[in-house]
Amino acid sequence: MAQDKRMWGGRFTEVTDHQVADFTASVEVDRTMALEDVHGSIAHVVMLGAQGILTEDEARRIVQGLRGIETDIQAGCFRWRNDLEDVHMNIEHALTDRIGPLGGKLHTARSRNDQVATDLRLWLRKAVQEIIHALQAFRTVLVDLAETHLDVIMPGYTHLQVAQPVLLAHHILAYYEMFTRDEARFGESLKRIGVSPLGAGALAGTGFPIDRRKTAALLGFTAVSRNSMDAVASRDFTMEFLSHCAIAMVHLSRLSEELILWSSQEFGFVTLPDSHTTGSSIMPQKKNPDVCELVRGKTGGVCGNLMAQLMMMKGLPLAYNRDMQEDKAGVFEAQRTLLNALQLYASMLPTLQVHADRMREAAGRSYSNATDLADYLARKGTPFREAHEVTGRLVALCLKEGLALESLTLERMQTLSSLIDADIYEHLALAQVVNARTSYGGTARAQVEAQVSRARQALKEQRQPGGG
Ligand code: ARG
């Protein structure tokens with residue numbers, strides 16, 4: 001490969017080894033931030049002009065050149081060169097091609113170290129906003145789904161063993177809460193992402209009379225980093241971002257696992273739409289929940305992206321180290337994966353077919369009303385521990401004879417506790433078991449309806465101008 005002299009080549013007497021050039025190049029990855037790089041450069045040059053570090057005319061011509069490059073990038077006709085190492089030097093090189101040696105003034109009072117941190121923060125700001133919008137849309141889908149199925153009773157599980165019946169809406173709204181917190185986490189991170197590192201230089205600042213507040217304002221940053229070494233050496237904003245991505249993916253993964261179980265022949269609780277499932281190349285009858293499985297599978301990759309970022313940073317002395325070039329690929333990949341998964345789920349869930357009869361049947365089996373018999377006795381004054389024991393013995397008796405609790409005659413129940421009256425059967429009925437749980441945030445229908453309206457209100461407030 002014929003090499004131009006490298007942009008930093010002054011002190012070198014030999015050309016870079018080809019393998020080294022390939023190994024150190026990052027343009028395939030960091031060109032994702034090409035527009036952010038151009039915008040950062042424009043703000044920098046405008047400031048240099050305003051401060052008299054460049055003449056107004058020089059600044060104007062450089063900005064014009066950069067605008068031309070922006071147009072080429074947007075049109076997809078910018079020629080990226082691997083031998084120019086990274087996005088920054090590709091763009092600076094193209095600028096010099098366009099406007100001549102004046103392009104070489106762009107990098108006055110700047111380093112790629114503050115430049116790359118600026119680009120990544122600009123890129124992340126937009127990326128986080130995309131995720132927030134996707135989360136909002138998805139949360140709306142969850143509330144819609146809950147409201148549609150307010151009357152569906154299903155088994156609630158602990159240890160994946162039937163525990164107590166719940167409303168399907170209640171189960172869905174549990175996920176709504178998780179994704180609401182996920183969204184809040186991303187929202188809160190924006191204030192830490194929105195701090196401008198530009199002007200930190202390589203690590204120590206610069207002697208040129210730059211105006212850091214001006215570049216920050218031009219780029220829409222809300223603050224300026226207070227320490228130039230921290231500005232170029234810290235990546236807690238990417239670790240935080242990946243951590244939020246990983247948590248949200250884990251939530252999606254748990255939902256995926258449930259949909260995979262629920263759509264199995266053994267559960268038969270739901271049918272996934274044909275549009276979001278795939279077939280088998282050999283078994284003609286198969287319809288597989290591949291989207292759910294891939295979301296579950298890709299969660300491993302996103303958690304890995306977080307781990308890779310943490311491990312990449314953990315031994316780095318201050319300030320910039322080239323290791324940090326490895327920060328971007330995982331960030332871009334995790335963002336894309338989470339965004340895709342949220343969008344797919346938002347389009348899949350509204351067409352989910354729910355088999356209320358199957359859910360109800362499963363909810364009524366397996367002594368899911370046993371706690372209610374114990375509660376009944378406790379309300380009549382039996383200490384709960386004793387009520388638990390009595391009920392357990394009744395369950396054991398039923399298990400032996402293959403009966404449900406509510407199929408026992410009153411007389412047989414009374415052999416274990418004389419406090420049991422004929423009204424016990426009302427308390428053991430499935431709908432009553434659900435509706436008995438009226439504590440705040442419980443599964444009683446009135447409580448679940450209240451959850452739906454709180455969620456609707458929260459989503460509405462967010463949609464209003466100034467909302468989160
Ligand atoms: N490509 C580099 C990165 O992503 C840009 C900064 C390079 N700085 C340096 N001194 N080599 O981190």
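Asker: What should I look at first to understand the overall build of the protein in this one?
Answerer: A count of helices and strands for the protein gives 19 helices and six strands. On C-alpha atoms alone, the protein measures out to a radius of gyration of 31 Å, which is more than a quarter above the 23 Å that the 2.2 N^0.38 rule sets for 468 residues. Seen through its C-alpha atoms, the protein measures out along the principal axes to roughly 100 × 50 × 40 Å. Looking at the protein as a whole, 50% of its 468 residues are labelled buried. Within the protein, contacts between residues at least 6 apart in sequence are counted, and of these 73% link residues at least 24 apart.

Asker: What should I look at first to understand unusual backbone geometry in this one?
Answerer: Across residues other than glycine, the phi torsion is negative in most instances, and most of the peptide bonds are trans. Following Leu318, the chain continues to Ala319 via a peptide bond in cis, the omega torsion being 5°. In this structure, Glu85 is a non-glycine residue whose phi angle is positive, near 75°. Position of Glu85 among the secondary structure elements: in the loop between helix H4 (56–75) and helix H5 (87–99).

Asker: Help me understand the environment of Val166 in this model?
Answerer: You can see Val166 is positioned in strand E2 (residues 161–167). Looking at Val166, the relative accessible area reads 15%, which means it is buried. Sequence separation of Val166 and Val152 is 14 residues, and the distance between their C-alpha atoms is 8.6 Å. When near neighbours in sequence (up to four residues on either side) are disregarded, Val166 contacts Val152, Ile153, Met154, Pro155, Gly156, Val434 and Thr443.

Asker: Which parts of the structure should I look at to understand the packing of aromatic side chains?
Answerer: Given two aromatic rings, one states the distance between the centres and the angle between the planes to describe the pair. Enumeration over the complete set of coordinates arrives at ten aromatic pairs. Ring geometry for Phe138 versus Tyr345: centroids 6.3 Å apart, planes at 85°, classification edge-to-face. Here Phe138, found in helix H6 (residues 112–148), pairs with Tyr345, found in helix H12 (residues 327–348); they are 207 residues apart in sequence, far enough to count as distant. Tyr345 shares its class with Phe138; the two are buried. The rings of Phe138, Tyr175, Phe179 and Tyr345 are connected pair by pair, giving a single aromatic cluster. When the ring centre of Phe237 is taken as origin, the NZ or CZ atom of Arg121, which lies over that ring, is 4.0 Å away. Residue placement shows Arg125 over the ring face of Phe221; its charged tip is 5.7 Å from the ring centre.

Asker: How do you make sense of the pairing of E2 when you look at a structure like this?
Answerer: The two faces of a sheet get side chains in turn, since along a regular strand they alternate between them. Here strand E1 (residues 153–158) runs beside E2; their pairing, made up of six bridges, is antiparallel. Across the sheet, residue Pro155 finds its bridge partner in E2, namely Pro165. With antiparallel pairing between neighbouring strands as the criterion, E1 and E2 make up a hairpin whose turn holds two residues, including His159 at a positive phi of roughly 60°.

Asker: For this particular structure, what's the right way to read the packing of helix H10 (residues 236–262) against helix H11 (residues 290–313)?
Answerer: A pair of packed helices is characterised by two quantities: the angle between their axes and the separation of those axes. At a minimum axis distance of 8 Å, the contact between H10 and H11 shows a crossing angle of 160°. In terms of orientation, H10 lies roughly antiparallel with respect to H11. Seen from above, H10 lies across H11 with left-handed handedness.

Asker: What's the story with the nonpolar core in this structure? I'm lost.
Answerer: In summary, soluble globular proteins display a tendency toward joint burial of nonpolar side chains. One finds Phe138, Phe186, Leu252, Tyr345 and Leu349 to be the most contacted residues of the largest nonpolar core, which totals 76 residues. At 16 residues, H6 tops the list of elements feeding residues into this core. Leave out the neighbours within four places in its chain, and Leu252 touches Phe138, Phe179, Val295, Leu338, Ala341, Leu342 and Tyr345. Among the nonpolar cores identified, the runner-up in size contains 25 residues, and Ala34, Val38, Val63 and Ile73 belong to it.

Asker: So what exactly am I meant to see when it comes to the environment of Thr215 here?
Answerer: By the secondary structure assignment, Thr215 is in helix H8 (residues 212–218). Looking at Thr215, the relative accessible area reads 2%, which means it is buried. Through-space distance from the C-alpha of Thr215 to that of Leu198 is 7.3 Å; in sequence the pair is 17 residues apart. Engagement of the side chain of Thr215 in a polar contact is seen with the backbone oxygen of Arg212, the distance being 3.1 Å.

Asker: Please explain a nonpolar patch on the surface as it appears in this structure.
Answerer: There is a patch of nonpolar side chains on the surface, built from Leu203, Met229 and Leu318 and spanning about 280 Å² of accessible area. Mapped onto the elements, Leu318 comes out in the loop between H11 and H12. Residue classification places Leu318 among the exposed residues on the basis of a relative accessible area of 65%.

Asker: What am I meant to see in H10 here?
Answerer: Given 3.6 residues per helical turn, the α-helix brings residues three or four places apart onto the same face. Compared with the 39 Å implied by 1.5 Å per residue over 27 residues, the 39 Å span of H10 between its first and last C-alpha is a close match. With respect to burial, H10 is a largely interior element, 20 of its 27 residues being buried.

Asker: Looking at this model, I keep getting lost on H5. Mind explaining?
Answerer: Counted at 1.5 Å a residue, the expected span for H5 with its 13 residues is 18 Å, and the 18 Å between its end C-alpha atoms agrees. Turning to H5, its buried residues are Val87, His88, Met89, Asn90, Ile91, Glu92, His93, Ala94 and Leu95. Contacts made by the buried residues of H5 are with helix H2 (27–30), helix H3 (34–50), H4 and H6. At the C-terminal side of H5, Gly100 shows a positive phi close to 85°.

Asker: What is the right way to read the pattern of salt bridges from this model?
Answerer: Think of it this way: side chains of opposite charge can pair up when their charged atoms draw near. This model, assessed by the stated rule, comprises 27 salt bridges. A salt bridge links Lys328 to Asp327, with the shortest nitrogen-to-oxygen separation between them at 2.8 Å. What makes Lys328 buried here is its relative accessible area of 4%. Several salt bridges share partner residues, and in doing so they unite Arg6, Glu85, Asp86, Arg112 and Arg322 into one network.

Asker: Mind showing me how you'd approach the site of the ligand here?
Answerer: In the vicinity of the ligand, the contacting residues are Ser26, Asp30, Asp86, His88, Arg112, Asn113, Val116, Tyr320, Arg322, Gln325 and Lys328. Contact distances for the ligand include 3.5 Å between a nitrogen atom and a side-chain N or O atom of Ser26. At 2.3 Å from an oxygen atom of the ligand is found a side-chain nitrogen or oxygen belonging to Tyr320. If the ligand stood free it would expose 340 Å²; the protein chains cover 87% of that surface. The element contributing the most residues to the shell around the ligand is H6, with three residues. By residue class, the composition of the shell around the ligand is two nonpolar, four polar and five charged.

So, how was this worked out
Residues numbered from 1 in each chain as written. Predicted model: local features only at pLDDT ≥ 70, side-chain atom pairs only at ≥ 80, totals over all residues. Heavy atoms only, no water. Helix = DSSP H or I, 4+ residues; strand = E, 2+ residues; numbered from the N terminus. Rg over C-alpha atoms; globule rule 2.2 N^0.38 Å. Buried < 20%, exposed > 50% of the residue type's maximum accessible area, 1.4 Å probe, protein only. Contact = heavy atoms within 4.5 Å. Phe/Tyr/Trp six-rings, centres within 6.5 Å; stacked < 30°, edge-to-face > 60°. Lys NZ or Arg CZ within 6 Å of the ring centre and 35° of its normal. Pairing = 2+ DSSP bridges. Axes fitted to C-alpha atoms, helices over the stretch in contact; angles between N-to-C directions. Parallel < 35°, antiparallel > 145°, perpendicular 65-115°, else oblique. Left-handed = near helix turned anticlockwise from the far one by under 90°. Core = buried A, V, L, I, M, F, W, Y, C linked by side-chain atoms within 4.5 Å. Polar contact = N/O pair within 3.5 Å; in protein donor to acceptor, adjacent residues only side chain to side chain. Patch = residues over 30% accessible without salt bridge, like charges linked within 9 Å, V, L, I, M, F, W, Y side chains within 5 Å. Areas by Shrake-Rupley, 256 points an atom, 1.4 Å probe, with all protein chains shown as cover. Salt bridge = Lys/Arg side-chain N within 4 Å of Asp/Glu carboxyl O. Expected span 1.5 Å × (residues − 1). Near = heavy atom within 4 Å. Nonpolar A, V, L, I, M, F, W, Y, C, P; charged D, E, K, R; others polar.

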